[in-house]
Every structure is written in structure tokens, then in C-alpha cells.
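Breakdown of the fold
Read off the chains here:
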Amino acid sequence: MAMYGTAGKLRSLCLNLFNGDNHSVDMGVLLNTDDEHRKIVFELLRSYELNGESDDDFMDLCIEIQAKRAEAEKATANYAVHTRRNTGDIVRLDANSGFCNQSGDYQITDGVEPAVCKHCKNTDCREWPNLERLDHSWQTTGEYAYDVPECSMHDHSD
Ligand SMILES: [Zn+2]
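Scope of this entry: the structure provided in the associated data block. Along each chain, numbering runs from 1 in the same order as the chain's sequence is written. Two thresholds apply to this predicted model, a pLDDT of at least 70 for residue-level local features and 80 or more for giving and counting side-chain atom pairs, whereas whole-chain, interface and lining totals are computed over all residues.

A short note on helix α3 (residues 35-51)
Put simply, DSSP H or I for four residues or longer makes a helix, DSSP E for two residues or longer makes a strand, and each gets a number counted from the N terminus. For a helix, the expected span equals 1.5 Å multiplied by the number of residues minus one. Compared with an ideal rise of 1.5 Å per residue, which puts 17 residues at 24 Å, α3 spans 24 Å between its outermost C-alpha atoms and is within 8% of the ideal. Among the residues trailing α3, G52 stands out with phi positive, at a value near 55°.

Here's the deal with the nonpolar core
Among buried residues, those of type Ala, Val, Leu, Ile, Met, Phe, Trp, Tyr and Cys that are joined through C-beta atoms within 7 Å form a set called a nonpolar core. To sort residues by burial, count the other C-beta atoms lying within 10 Å of each one's C-beta; a count of 20 or more means buried, 12 or fewer means exposed, and anything in between means partly exposed. C-beta atoms are built from the backbone. Judged by nonpolar contacts, V91, L93, C100, Y106, I108, W128, L131, A145, V148 and M153 together constitute the single largest core of 10 residues. Of all the elements in the fold, those that place two or more residues in this core are β1 (90-93), β2 (104-108), β4 (126-134) and β5 (140-149).

With respect to the pairing of β4
When DSSP locates at least two bridges between a pair of strands, those strands are taken to pair. Relative to β4, β2 runs antiparallel, the two being bridged by three bridges. In the sheet register, I108 faces β4, and the bridge partner there is L131. As defined by bridge partners, strand β3 (residues 115-116) adjoins β4 across two bridges and the pair is classed as antiparallel. Bridging across to β4, A115 finds its partner in E127. For β4 and β5, the ladder comprises six bridges, and the chain directions are antiparallel.

Spelled out as C-alpha cells, the structure:
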């Protein structure tokens, strides 16, 4: 874990040299590490002093680190926290939640078992096949939304 942490800080240093406005690094913490990593820090700084951003290997490394971090952030976002729902629950849907034409409050209706969500990586997320839209006095309207995953349901507005 400590080694991984240091490697991560070295990557942060690369990004800091590459684009200091968007990436910060705690040099104190970074230098207060084992000799091997400290040596890498100074080699990296020395190389940057000599070559700056004309060092293709350094630039490739930075671009690779940036891409990996963006990917990791995206993966985390895909595990979005959501609330488990049940038949009879009333939820708020946006017009782009599953197959839903109109935003509003919908009730999850009986009948068919929910399926595993295909939209996020949260294995607990379920996609409900049928939801009926409710009007302002919460009467059923006969209009349905279909295949709406829990990750795109919101608590209803009341
Ligand atoms: Zn989902």
C-alpha cells in the first residue's frame, strides 16, 4: 500500500510538471519516502530541468497517466450510488431515464421481475421493466416508461 501510494505521488509529480494548474503534488510527503523513490524524484526533476517538455518519453508518460486517471474516475462514476427500489415505489424520472418520453413522477408497477442494469457497473442496480406515470394528484395516467435502471431514478418530489 505504501509503495502504491508513493508510485501514485510520482505520477502526480509528472502531471504537476506537465500541467501545474490542474495537478498538485505534496513535495514534502513525496521526498519523505524511501531512498529508491527519492532517487526517482530527483531524476525526474533533473530530466525535466534538462529537457522540459521536449522529452517525448516524459510527455508520453504524462499523457498515459492522465488517460488512466480519467478512466479510473469514469469507472468510479459508473458505480454511482443509488437507492434500491421496490414494486409500488414512486420515483422521479428525467425524460432520458430508460425509455421514458416525459419527465415526472412514476410508480413501479407489478408484473415482471427487474433485470440487472446494463448502464452502470453496480451489480446491485436493477432495471425495472414497467413504470406508470402519475399526474399531479398522483393518479395513474396509463402512460408508461420502460426499462428504467435504478441509477437513473430519483426520489420523487413531494
Ligand atoms: Zn445502473
